[in-house]
Amino acid sequence: MLRRILPVILALSLCGCAATQESEQTQYQASFLTLFDTVTTIVGRDSSEQAFHEKAQAIHDDLLEYHQLFDIYHDYDGVNNLKTVNDQAGIAPVVVDSRIIELLSDCREFYEATQHKVDVTMGSVLYLWHQARTEGLDNPANAKLPDEAALKEASLHKGMDCLVIDEKASTVYLTDPEARLDVGAVAKGWSTEKAAKNAPSGLLISVGGNVRATGPKDPSGIPWVVGITDPDNQSEYLHTLFVTDSSVVTSGDYQRYFVVDGKPYHHIIDPETLYPAAYWRSVTIVCPDSGLADALSTALFLLPQEQGQALLDRFDAQAMWVDAQGNYYYSPGFRDLIRT
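Residues numbered from 1 in each chain as written. Predicted model: local features only at pLDDT ≥ 70, side-chain atom pairs only at ≥ 80, totals over all residues. Heavy atoms only, no water.

**Things to note about the overall build of the protein**
- On a plain count of helices and strands, the protein comes out with eight helices and 15 strands.
- Over its C-alpha atoms the protein spans a radius of gyration of 20 Å, differing by no more than 12% from the 20 Å that the globule rule assigns to 340 residues.
- Its C-alpha atoms give the protein principal-axis dimensions of roughly 60 × 50 × 40 Å.
- By sequence separation, contacts in the protein at least 24 residues apart represent 64% of the contacts at least 6 residues apart. (Helix = DSSP H or I, 4+ residues; strand = E, 2+ residues; numbered from the N terminus. Rg over C-alpha atoms; globule rule 2.2 N^0.38 Å. Contact = heavy atoms within 4.5 Å.)

Below, the structure written as structure tokens:
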């Protein structure tokens, strides 16, 4: 579940359907490289490039605040973020911004709803995989897996029992000094949703592949088109989907992996096995809320289809699964969203 510090795993199709261009508006695009260690792209139509970029910059500035609050690697002047919480594990509660309280409270609900598959207290385990992957990519000839004993020891320091949230005092505290928070499985989607709620209608926002449309691409109601990447050929799409006021998020094994003895090891770690999950090549979620879609895409990647479908039914979401043999599976309502 290291996914949310990772790059794009869902391609974004900006071509749209055949649309009637309104003479007073032109489609523009802005991209930023400063948020969540990935590429953020914002697309929309406006009366001028300056007017569009003012809107895009406002979204960037909104997302930048979330980026800093949820960062577990860097300090920022005047900001108590999740790194601060991790640094104070077992020492003292940390007064934090209310948005951290809100995110972690939602993560507690995701934890319970997903049979503990989405566990943001897994930071100690995920750090070992992050370190092994970084070293393996830097030095492929000597790539190696995390030490199994170290993984098992780290797994003793996870679980929501060690996370104390005091909403009244606006504090967060990890009671276990060896526990660490890592909100990579949800932070980008959650932040994208918050930014989308504050954004004008008619934009398409992609934060590292967490795609959220804030409405149709023009006043006539023409939908956006979002592509689902083929895991075996990332320049191709398995499907394209119509999206109007919803989100599309994909978890896949084809980004952020490293190879040990000829075998690839991806970044989505099962809390039970402590190793990369092997059920699926990719899972795509479509639902109105990008934060929920982010959590569900991780959870379904770590679950058999039947259990994943039960989660979809609970949250009124749709999904597409791709297995290791390249077979496709769909939730009952997913085909209704397919353009091609």
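**Quick look at the side chain of Thr-84**
- One can find Thr-84 in helix α2 (residues 82-87).
- Here Thr-84 falls in the buried class, since its relative accessible area comes to 15%. (Buried < 20%, exposed > 50% of the residue type's maximum accessible area, 1.4 Å probe, protein only.)

**What to know about the sheet that holds strand β14 (residues 318-322)**
- If you walk across this open sheet you meet the eight strands as β1-β2-β6-β7-β10-β13-β14-β15, and the pairing is antiparallel. Two strands bound the open sheet, and with one partner strand each, they are β1 (26-35) and β15 (328-330). Adjacent strand axes in the sheet meet at a mean angle of 15°, parallel and antiparallel pairs treated alike.
- Bridge count between β14 and β15: three bridges; the pairing is antiparallel. Bridge pairing in β15 links Trp-321 to Tyr-329.
- Running over the sheet, helix α8 (residues 305-315) touches β13 (282-287), β14 and β15 and is turned about 160° from β14. (Pairing = 2+ DSSP bridges. Axes fitted to C-alpha atoms, helices over the stretch in contact; angles between N-to-C directions.)

**A few points about the packing of helix α1 (residues 49-70) against helix α6 (residues 187-198)**
- In the contact formed by α1 and α6, the axes pass within 9 Å of each other and the chain directions differ by 150°. As α1 packs across α6, the resulting crossing turns out to be right-handed. Each of Ile-59, Asp-62, Leu-63, Tyr-66 and Phe-70 in α1 lies in contact with α6, whose residues at this interface are Ala-187, Trp-190, Ser-191, Thr-192, Lys-194, Ala-195 and Asn-198.
- Broken down by class, the residue content of the contact of α1 with α6 amounts to seven nonpolar, three polar and two charged. (Left-handed = near helix turned anticlockwise from the far one by under 90°. Nonpolar A, V, L, I, M, F, W, Y, C, P; charged D, E, K, R; others polar.)

**Looking at the nonpolar core**
- By size, the foremost hydrophobic cluster in this structure holds 67 residues, and its most contacted members are Phe-70, Leu-82, Leu-104, Val-183, Val-186, Ile-285 and Leu-300.
- Listed in part, the 16 residues of the second largest apolar core include Ile-228, Leu-241, Val-243 and Phe-334. (Core = buried A, V, L, I, M, F, W, Y, C linked by side-chain atoms within 4.5 Å.)

**Regarding the pairing of strand β8 (residues 224-230)**
- Among the seven residues that make up β8, seven are buried, leaving the element largely enclosed by the rest of the structure.
- Two strands pair when backbone bridges link them, and β8 and strand β9 (residues 233-243) are joined in this way by seven bridges, in the antiparallel orientation. Residue pairing for β9: Ile-228 is matched across the bridge by His-239.
- Turn length for the β8-β9 hairpin, with the two strands adjacent in sequence and antiparallel, is two residues.

**Observations concerning unusual backbone geometry**
- Positive phi, close to 60°, is recorded for Gln-115, a residue that is not glycine.
- One can find Gln-115 in the loop between α3 (98-113) and α4 (123-138).
- Residue Gln-115 is classed as partly exposed on the basis of its relative accessible area of 43%.
- Positioned with a positive phi, Leu-274 is a non-glycine residue whose angle comes to about 70°.
- By the element assignment, Leu-274 lies in the loop between β12 (263-265) and β13.

**Concerning the sheet that holds strand β4 (residues 163-166)**
- Read from one edge to the other, the open sheet built from three strands follows the order β3-β5-β4, with strand pairing classed as antiparallel. One side of each edge strand has no neighbouring strand; the edge strands of this open sheet are β3 (94-95) and β4.
- Sitting on the sheet, α3 touches β4 and β5 (171-174), and the angle it makes with β4 is about 130°.

**Topic: the packing of aromatic side chains**
- This model, assessed by the stated rule, comprises 12 aromatic pairs.
- Each ring, one from Trp-129 and one from Tyr-275, has its centre 5.5 Å from the other, and the planes form 80°; the classification is edge-to-face. Placement of the pair is Trp-129 in helix α4 and Tyr-275 in the loop between β12 and β13, with a sequence separation of 146 residues.
- On the accessibility criterion, Trp-129 (2% relative accessible area) is buried.
- Aromatic pair Trp-280 and Tyr-329: ring centres 5.8 Å apart, planes at 65°, arrangement edge-to-face. With Trp-280 in the loop between β12 and β13 and Tyr-329 in strand β15, this pair connects stretches of sequence that are 49 residues apart.
- The structure contains a cluster of three or more aromatic residues connected by ring pairs, namely Trp-129, Phe-258, Tyr-265 and Tyr-275.
- Positioned above the aromatic ring of Trp-190, the side-chain terminus of Lys-194 is 4.9 Å from the ring centre. (Phe/Tyr/Trp six-rings, centres within 6.5 Å; stacked < 30°, edge-to-face > 60°. Lys NZ or Arg CZ within 6 Å of the ring centre and 35° of its normal.)

**Some remarks on the pattern of salt bridges**
- One pass over the full model with this rule turns up 15 salt bridges.
- Between Asp-97 and Arg-99 there is a salt bridge, with the nearest N and O atoms lying 2.9 Å from each other.
- Close ionic contact of Asp-232 with Arg-281 constitutes a salt bridge, the shortest N to O distance being 2.9 Å. In this pair, Asp-232 is assigned in the loop between β8 and β9 and Arg-281 in the loop between β12 and β13, connecting sequence segments 49 residues apart.
- What makes Arg-281 buried here is its relative accessible area of 16%. (Salt bridge = Lys/Arg side-chain N within 4 Å of Asp/Glu carboxyl O.)

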